[in-house]
Amino acid sequence: MTRYQDDIDAIQALKAAAGSGWNAIDPESAARMRAQNRFRTGLEIAQYTADIMRRDMEEYDADSSLYTQSLGVWHGFIGQQKLISIKKHLKTTNKRYLYLSGWMVAALRSEFGPLPDQSMHEKTAVPALIEELYTFLRQADARELDLLFTQLDAARAAGDETAAEFIQSQIDDYETHVVPIIADIDAGFGNPEATYLLAKKMIEAGACAIQIENQVSDEKQCGHQDGKVTVPHEDFIAKLNAVRYAFLELGIDNGIIVARTDSLGAGLTQKLAVTHEPGDLGDQYNAFLDVEEISEAELGNGDVIIKRDGRLLRPRRLASNLYQFRPGTGEERVVLDCITSLRNGADLLWIETEKPHVEQIAGMVDAIRAEIPNAKLVYNNSPSFNWTLNFRQQVYDLLAEQGEDVSGYDRGALMSVEYDDTELARLADEKIRTFQRDGSARAGIFHHLITLPTYHTAALSTDDLAKGYFGDEGMLAYVKGVQRREIRGGIATVKHQNMAGSDLGDNHKEYFAGDAALKAGGQHNTMNQFS
């Protein structure tokens, strides 16, 4: 027996027990509606997707070629279309997730309008977007199953038992569009209690994985901008604990915490760490500070002093009252951040780098794995990197090291179109193509994501359409550049009424009202032109 048939039988039994008042209820129609609404709460989704991520993490530990991927999305429809496309082209959603970017929430979803990525947007926008994404993914399930039910009815009406059996097997083995979301909680939006409260809302909306960074909440910056300020480890551990308690309170015992360190690019700290004895965690944090040794006689009014090994050390304090770290200590601080996070409840790491360089990432991961062998990264394949220039320069440097003649290239101008057809450019593009595979094999990257790709694709496609439609191409710009490609590419949105639920609603009307139903999908519906 299948779950579908079990539901039909169960509802048939309920109908029999209810008596004549349920005469109009068709058990199979009700079973179909149950199949189309597999997940009833966000917590069900959080548990289902947490189980998926945990399984994927174990499989990656055994085989690094089994890495996972996602694209950042900023609207439920964008997330839905991404998953529909994945299922259409790749036939499975296995190891494909969604990423919810705090940057895109700030830039696109705040009631204040576009904002910089500095945690100034409404914190409630994050769980609201998680809920919206899963609403659209569940609707994708309902729509796709509705198409299968329609095909099943047609096969039965035609007496084609073989076709009906095949379609029924597709229904029984249906793969949902619901996948894990890694959700960005920024720096926690306040103190640990604020982090805990927001984490609960995110989990209740369906998030199984929450990413949190070690910047200060009140001066948080985008990971690829200057002026980043980190917090002492004990402060960050308190927020890791807050997220874990939120998962445990809600019964998602295997929820995933992604601990992000911005220390590679952060040269500042807001406060000194508390230390009780030499070599403890606070002392290690403070040891990275840029200090000058002074005598007691040199103490100034209001000076803050660290005593270490019998010496008096004055940290260099800026006019902003921030303290600066010694230049060149970023990678060491990253390694300490990561080891500390994993030892205090984090499951995955995120190292924000300034360029996509496998060996740079691997150097830090090697040091982390010397202490914690199964350490794994979530890595941002960021649009903030100039991928073309970075990889052409990497290839240029590699060729130069190998003694190859690179005199025909200007290293500083390798972005130029004049180099597009060169051997150097082809080698660089191949390195870009294999970056995810190479990074997962060499640098412990379990999950590859692009934080804000759909921000850029929306702008690019809109630019293409606007340029032609408002120019000489007129309507041909839409027909040739959009609709014709949709039809020939099998893009579901070409039948936009169906995508919005029109056919699904028609079938429901028929369940509810039978032959009296007023349906929209009749012979005069212009969507029939796309059949």
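Procedures and definitions
Residues numbered from 1 in each chain as written. Predicted model: local features only at pLDDT ≥ 70, side-chain atom pairs only at ≥ 80, totals over all residues. Heavy atoms only, no water. Helix = DSSP H or I, 4+ residues; strand = E, 2+ residues; numbered from the N terminus. Contact = heavy atoms within 4.5 Å. Areas by Shrake-Rupley, 256 points an atom, 1.4 Å probe, with all protein chains shown as cover. Lys, Arg positive; Asp, Glu negative; His and termini not counted. Charge placed at Lys NZ, Arg CZ, Asp CG, Glu CD. Buried < 20%, exposed > 50% of the residue type's maximum accessible area, 1.4 Å probe, protein only. Phe/Tyr/Trp six-rings, centres within 6.5 Å; stacked < 30°, edge-to-face > 60°. 1 Å grid on protein atoms, 1.4 Å probe; cavity = no way out; pocket = protein on both sides within 12 Å on 5 of 7 lines; lining within 4 Å. Points joined across faces, edges and corners; volume = space filled by probe spheres on them. Nonpolar A, V, L, I, M, F, W, Y, C, P; charged D, E, K, R; others polar. Pairing = 2+ DSSP bridges. Core = buried A, V, L, I, M, F, W, Y, C linked by side-chain atoms within 4.5 Å. Axes fitted to C-alpha atoms, helices over the stretch in contact; angles between N-to-C directions. Parallel < 35°, antiparallel > 145°, perpendicular 65-115°, else oblique. Left-handed = near helix turned anticlockwise from the far one by under 90°. Expected span 1.5 Å × (residues − 1).

> Would you mind showing me how to read the overall build of the protein chain here?
Looking only at helices and strands, one finds 19 helices and 14 strands in the protein chain. Each principal axis of the C-alpha distribution contributes one length, and for the protein chain these read about 95 × 65 × 45 Å. Long-range pairs, those at least 24 residues apart, make up 73% of the contacts in the protein chain between residues at least 6 apart in sequence. Here the protein chain has roughly 25,900 Å² of accessible surface; of this, 51% comes from carbon and sulfur atoms. Counting 54 positive and 80 negative side-chain charges, the protein chain places the averaged centre of each group 2 Å from the other.

> Is there a simple way to think about unusual backbone geometry in this case?
Glycine aside, the phi torsion of most residues is negative, and most peptide linkages are trans. The phi angle at Lys95 is positive, at roughly 70°, despite the residue not being glycine. By the secondary structure assignment, Lys95 is in the loop between helix H4 (76-90) and strand S2 (96-100). Among the residues examined, Lys95 registers a relative accessible area of 10% and is labelled buried. Backbone geometry places Asn321, a non-glycine residue, at a positive phi of 70°.

> In this structure, what is going on with the packing of aromatic side chains? I would like to understand it.
To describe a pair of aromatic rings, you give the distance between the ring centres and the angle between the ring planes. Going through the model one piece at a time under the given rule, you end up with 13 aromatic pairs. Measuring from ring centre to ring centre gives 5.2 Å for Trp387 and Phe435, while their planes differ by 85°; the resulting arrangement is edge-to-face. One end of the pair, Trp387, is in helix H13 (residues 387-401); the other, Phe435, is in helix H15 (residues 435-442), and 48 residues separate them in sequence. Note on accessibility: Trp387 and Phe435 belong to one class, buried. Ring geometry for Phe391 versus Phe435: centroids 5.9 Å apart, planes at 85°, classification edge-to-face. With Phe391 in helix H13 and Phe435 in helix H15, this residue pair connects regions lying 44 residues apart in the sequence.

> Please clarify how the layout of surface pockets should be interpreted in this entry.
Rolling a probe over the atoms, with the probe sized like a water molecule, indicates the empty space that remains. What the largest pocket holds in volume is close to 1,600 Å³. Lining of the largest pocket is provided by 46 residues; of these, Gln81, Ser85, Glu486, Ile491 and Thr493 occupy positions nearest its centre. Elements with a minimum of two residues in the lining of the largest pocket: strand S1 (68-73), H4, helix H6 (125-157), helix H7 (161-172), helix H16 (453-469) and helix H17 (475-489). When grouped by side-chain class, the residues that make up the lining of the largest pocket number 19 nonpolar, 16 polar and eleven charged.

> I would appreciate a short explanation of the pairing of strand S6 (residues 256-261) in the present structure.
On a regular strand, each side chain points to the face opposite its neighbour's, so the side chains alternate between the two faces of the sheet. With six of six residues buried, S6 lies mostly within the body of the structure. Side chains Ile256, Val258 and Arg260 project from S6 onto one buried face, and the interleaved Ile257, Ala259 and Thr261 project onto a second face that is buried too. Note that strand S4 (residues 209-213) and S6 share five bridges and pair parallel. Considered in S6, the bridge of Ile210 is made with Ile257. When S6 meets strand S12 (residues 348-351), the two strands line up parallel, connected through four bridges. Within the sheet, the bridge partner assigned to Val258 lies in S12 and is Leu348.

> Honestly, the side chain of Glu132 in this entry has me stumped. Any pointers?
Among the secondary structure elements, Glu132 is positioned in helix H6. Overall, the relative accessible area of 18% leaves Glu132 in the buried class. Excluding residues that lie within four positions of it along the chain, Glu132 makes contacts with His75, Gly76 and Arg109.

> What should I look at first to understand the nonpolar core in this one?
In globular proteins that are soluble, nonpolar side chains generally tend to be buried together. Core analysis: the largest hydrophobic core is formed by 96 residues, its most contacted members being Met53, Leu100, Ile130, Met202 and Ile368. When residues in this core are grouped by element, the largest group, seven residues, is from H6. The contact partners of Met202, leaving out residues within four places of it in the chain, are Val126, Pro127, Ile130, Ala183, Asp184, Ile185, Ala207 and Ile210. Counting 13 residues, the second-largest nonpolar core is a separate cluster that includes Tyr4, Leu148, Phe149 and Tyr174.

> Teacher, can you tell me more about the sheet that holds strand S10 (residues 311-315) here?
Hydrogen bonds along the backbone pair up the strands of a sheet, which may run parallel or antiparallel. The sheet built from three strands is open, its strands ordered S8-S10-S9 with antiparallel pairing. Edge positions in the sheet fall to strand S8 (291-294) and strand S9 (306-308), since each has one partner strand and no second. On average, each strand axis in the sheet is tilted by 40° relative to the strand beside it, whichever way the strands run. Pairing of S9 with S10 involves three bridges; the strand directions are antiparallel. By the bridge assignment, Lys307 is partnered in S10 with Leu312.

> Mind showing me how you'd approach the packing of H13 against helix H14 (residues 423-433) here?
Each pair of packed helices gets described by two things: the angle between the helix axes and the distance between those axes. Contact geometry of H13 with H14 gives a least axis separation of 8 Å together with a crossing angle of 115°. Of the possible angle classes, the one that applies to H13 and H14 is roughly perpendicular. Our pair here, H13 against H14, has a crossing hand that is right-handed. Seen from H13, the contacting residues are Trp387, Thr388, Phe391, Arg392, Val395, Tyr396, Leu398 and Leu399; seen from H14, they are Leu424, Ala425, Leu427, Ala428, Lys431 and Ile432.

> What is the right way to look at the environment of Phe385 in this model?
Positionally, Phe385 belongs in the loop between strand S13 (377-380) and H13. For Phe385, a relative accessible area of 6% translates into the label buried. Separated by 31 residues in the primary sequence, Phe385 and Glu354 have C-alpha atoms spaced 7.5 Å apart.

> I'm lost on the sheet that holds S2 in this one. Help?
Taken together, the eight strands give a closed barrel; going around it, the order is S1-S2-S3-S4-S6-S12-S13-S14, and neighbouring strands pair in parallel fashion. Neighbouring strand axes in the sheet, compared pairwise and without regard to direction, differ in orientation by 25° on average. Contacting S1, S2 and strand S3 (181-184), H6 crosses the sheet at an angle of about 145° to S2.

> Explain helix H8 (residues 192-205) here, please?
Given 3.6 residues per turn, any residue in an α-helix points the same way as the ones three and four places further on. With 14 residues, H8 extends 20 Å from end C-alpha to end C-alpha; this agrees with the ideal 20 Å at 1.5 Å per step. Next to the buried residues of H8 lie helix H3 (42-62), H6, S3, S4 and helix H9 (233-249). Gly206 sits one or two positions beyond H8 and adopts a positive phi of about 130°.

> I'm lost on empty space enclosed by the protein in this one. Help?
Counted according to the given criterion, the structure contains three cavities of 30 Å³ or more. What the second largest cavity holds in volume is close to 70 Å³. Around the second largest cavity, the lining residues are Asn214, Val231, His233, Phe236, Ala259, Arg260, Thr261, Asp337, Cys338, Ser341 and Leu349. Elements with a minimum of two residues in the lining of the second largest cavity: H9, S6 and helix H11 (330-342). Considered class by class, the residues forming the lining of the second largest cavity number five nonpolar, four polar and two charged.

These figures capture arrangement, not role.
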